[in-house]
Amino acid sequence: MTESTYRVHGATGEWEVVIGLEVHAQVTSNAKLFSGASTAFGAEPNSQVSLIDAAMPGMLPTPNAECIRQAVRTGIALGAVVNKWSRFDRKNYFYADLPQGYQISQLYHPLVGEGALDISLDEKNPDAEVKTIGIERIHVEQDAGKLMHDQHPNRSYVDLNRAGVALMEIVSRPDMRSPQEAGAYLSKLRSILRYVGSCDGNMDQGSMRADVNVSVRKPGDELGTRTETKNVNSVRFVMQAIETEAKRQVELIEGGGRVVQETRLFDPDTGTTRSMRSKEDAHDYRYFPDPDLLPLELDDSFLEECRASLPELPDAKRRRYESDLGLTAYNAAVLTADADTARWFEALLAEGARIQGKGEQEVARASANWLLSDLYGALNRLGKDLDTSPVSPVQGAELLALAADGTLSGPLAKQVFEIMLETGDGAGKIVEERGLKQTSDTGAIEAVIAEVMAKNPNQLEQYRGGKEALFGFFVGQTMKAMAGKANPAVVNELLKKALG
């Protein structure tokens, strides 16, 4: 990818935007980082709070090994350096949703060091240039609770269910230069986390959110003062926040003002950011090593187990779909962009392997086209997704097999598919119960052809007079008369003989 040409146009000329993201990803685990309390989403307020989460006296934290394992697997997937020795620190601040009065995090010695992520603004174009976004670190930390200000006219309530939930904070370098690059980075990162299984990526539930660092400068100048827009919970909102904040900073500077380093909030309803508090430096948090936790020391066997547990990642899977399965770059990119889609497709392929007389690539292309066109189109129409699809991969493969062996013509396959969507029944059952099997009975087809010719003497005369385009008319009339059940190849062959 060439250097971004995205610019904010101000009264004094063009301004360049410099962007970095701090992504907080909730670690997939049945328990919190330092306690055994549940992390299930949607529970009643304060129903998932252990004595450790509530900071009761004498309660000592114990690291959850699975949370550490998932963070290490994430680091390896991002090609980052995993530090065999890391340490927890206390980040001290006082707020009502933080019972301890400090957050256990990692400032000086994080679990994962430098890595990188390759992005493209057009993942579906194989010739699009790629840009590498540096990753500075991944550290593990506790989440805070949640204050609720809308439950009472003059009181605020606190829900500590999230207090102590394990987060990976994935900190990028300020390598992005446009909202589009930031959106591509966040989408790619989310995809990898979902493949790895270390975070479910459900941004609408708060299990993945981004702090957006933005500054502006005249192209080639030194970096400007940055602001941090906190807890943005969708790719679209991240892009909107960057555009809005960059324009605000340009207008402020050109109006004689000065950008101050601060924390801001993004309001999706108005599409604007507003000041929240001045941005503290590290020394304001009085970081120091947590005296209740020993350093984390990882051995080679643990790292190797983490590495061996990783699945095929999206970039590698996309390349394999193109080279081994013969899929187009577009189809391969769409199928691998989301882990659930890729798993559904591979389940469809595994079942489709029983299609007789078809090579692996032919089966793969037919499966991809059906999934991305027919099934996706139907699910969009029904307001469903693959998780709630009325048609399973096994049923989809059965439908494709019946179409491939000639049992179903194209129109019949579409008719059977619609019935599958309505009833949830398999294609084979529908074909047998409703008599929708394609016929190659030459006698029956010849009889229908004769009837069609008799009913359309004018078209017959024109065809035989040289208007060959009418051949399609006779094919259509024959197929219509046989309710789409005639084998199109047989119809074409017999029509050519009958029309002379």
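For clarity, every value in this text was computed on a predicted model and none was experimentally measured.

A. Representation of the environment of Gly113. Within the secondary structure, Gly113 sits in the loop between β5 (102-105) and β6 (115-119). The spacing of Gly113 and Ile170 is 57 residues in sequence and 9.9 Å in space, taken between C-alpha atoms. Excluding anything up to four places from it in sequence, Gly113 contacts Ala80, Val81, Asn83, Ile135, Glu136, Arg137 and Ile138.

B. Quick look at helix α15 (residues 488-499). The terminal C-alpha atoms of α15 lie 16 Å apart, and with 12 residues this matches the ideal 16 Å at 1.5 Å per residue to within 8%. If you check which residues of α15 are buried, you get Val490, Val491, Leu494, Leu495 and Leu499. An end-on view of α15 places all buried positions within 140° of arc, on one side of the element. Exposed and facing more than 90 degrees away from the buried side of α15 are Ala489, Lys496 and Lys497.

C. Layout of the packing of helix α6 (residues 329-336) against helix α8 (residues 360-382). Packing of α6 against α8 brings their axes to within 11 Å, and their N-to-C directions diverge by 65°. Classed by the angle they form, the pair α6 and α8 counts as roughly perpendicular. For the pair α6 and α8, the sense of crossing is left-handed. Only Ala368, Asn369, Leu371 and Leu372 of α8 make contact with α6, whose side of the interface consists of Asn331, Val334 and Leu335. Residues that form the contact of α6 with α8 fall into these classes: five nonpolar, two polar and no charged.

D. Expanded view of the state of the cysteines. Considering all chains together, one arrives at zero disulfides under this definition. No disulfide involves Cys199; its sulfur sits 12 Å from the nearest other cysteine sulfur, which is in Cys67.

E. Structural context of the sheet that holds strand β15 (residues 288-289). In spatial order, the strands read β5-β4-β15; together these three strands make up an open sheet with antiparallel pairing. The two strands at the open ends of the sheet, each matched to only one other strand, are β5 and β15. The pairing of strand β4 (residues 89-92) with β5 spans four bridges and is classified as antiparallel. Paired with Asn92 across the strands is Tyr102, a residue of β5.

F. Layout of helix α7 (residues 339-352). When the terminal C-alpha atoms of α7 are compared, their 20 Å separation across 14 residues agrees well with the 20 Å that a helix rising 1.5 Å per residue should span. Of the residues making up α7, those classed as buried are Ala339, Thr341, Ala342, Trp344, Phe345, Leu348, Leu349 and Gly352. For α7, the secondary structure elements touched by its buried residues are α2 (179-196), α5 (314-323), α6, α8 and α9 (393-404). The distance from a side-chain oxygen at the start of α7 to the backbone nitrogen of Asp340 is 3.0 Å, and the residue carrying that oxygen is Asp338.

G. Main features of empty space enclosed by the protein. A full pass over the atoms with the stated rule returns one cavity of 30 Å³ or more. When its volume is computed, the largest cavity comes out at roughly 60 Å³. Every residue along the wall of the largest cavity is listed here: Ile52, Asp53, Leu98, Pro99, Gln100, Gln142, Asp143, Ala144, Ala163 and Gly164. Partitioning the lining of the largest cavity into residue classes produces five nonpolar, three polar and two charged.

H. Geometry of the packing of α7 against α8. Contact pair α7 / α8: the axes reach a minimum separation of 10 Å and the direction vectors enclose 130°. As far as their axial angle goes, α8 and α7 are oblique. Our pair here, α7 against α8, has a crossing hand that is right-handed. Facing Thr341, Trp344, Phe345, Leu348, Leu349 and Gly352 of α7, the residues of α8 in contact are Val363, Ala364, Ser367, Ala368, Trp370, Leu371, Leu375 and Tyr376. Residues of the contact of α7 with α8, tallied by class, amount to 11 nonpolar, three polar and no charged.

I. Spatial organisation of the nonpolar core. If you look at the biggest cluster of nonpolar residues, it comprises 64 residues, and the most contacted ones within it are Leu21 and Tyr185. By residue number, the principal contributor to this core is α2, which donates eight residues. In contact with Tyr185, not counting residues within four places along its chain, are Leu21, Leu117, Ile119, Ile133, Ile135, Ile170, Ser172 and Met176. Counting residues in each nonpolar core, the second largest holds 40 residues, with Ala397, Leu399, Leu412 and Val431 among its members.

J. Up close: unusual backbone geometry. Here the phi dihedral of Asn46 falls at roughly 60°; this positive angle occurs in a residue that is not glycine. Within the secondary structure layout, Asn46 lies in the loop between β2 (13-26) and α1 (65-77). For Asn46, a relative accessible area of 40% gives the class partly exposed. Even without glycine at this site, Arg286 takes up a positive phi of about 50°. Checked against the element boundaries, Arg286 lands in the loop between β14 (272-278) and β15. Residue class for Arg286 comes out partly exposed when judged on its relative accessible area of 47%.

Quick notes on the rules
Residues numbered from 1 in each chain as written. Predicted model: local features only at pLDDT ≥ 70, side-chain atom pairs only at ≥ 80, totals over all residues. Heavy atoms only, no water. Helix = DSSP H or I, 4+ residues; strand = E, 2+ residues; numbered from the N terminus. Contact = heavy atoms within 4.5 Å. Expected span 1.5 Å × (residues − 1). Buried < 20%, exposed > 50% of the residue type's maximum accessible area, 1.4 Å probe, protein only. Arc of directions from axis to C-beta. Axes fitted to C-alpha atoms, helices over the stretch in contact; angles between N-to-C directions. Parallel < 35°, antiparallel > 145°, perpendicular 65-115°, else oblique. Left-handed = near helix turned anticlockwise from the far one by under 90°. Nonpolar A, V, L, I, M, F, W, Y, C, P; charged D, E, K, R; others polar. Disulfide = S-S within 2.5 Å. Pairing = 2+ DSSP bridges. Polar contact = N/O pair within 3.5 Å; in protein donor to acceptor, adjacent residues only side chain to side chain. 1 Å grid on protein atoms, 1.4 Å probe; cavity = no way out; pocket = protein on both sides within 12 Å on 5 of 7 lines; lining within 4 Å. Points joined across faces, edges and corners; volume = space filled by probe spheres on them. Core = buried A, V, L, I, M, F, W, Y, C linked by side-chain atoms within 4.5 Å.

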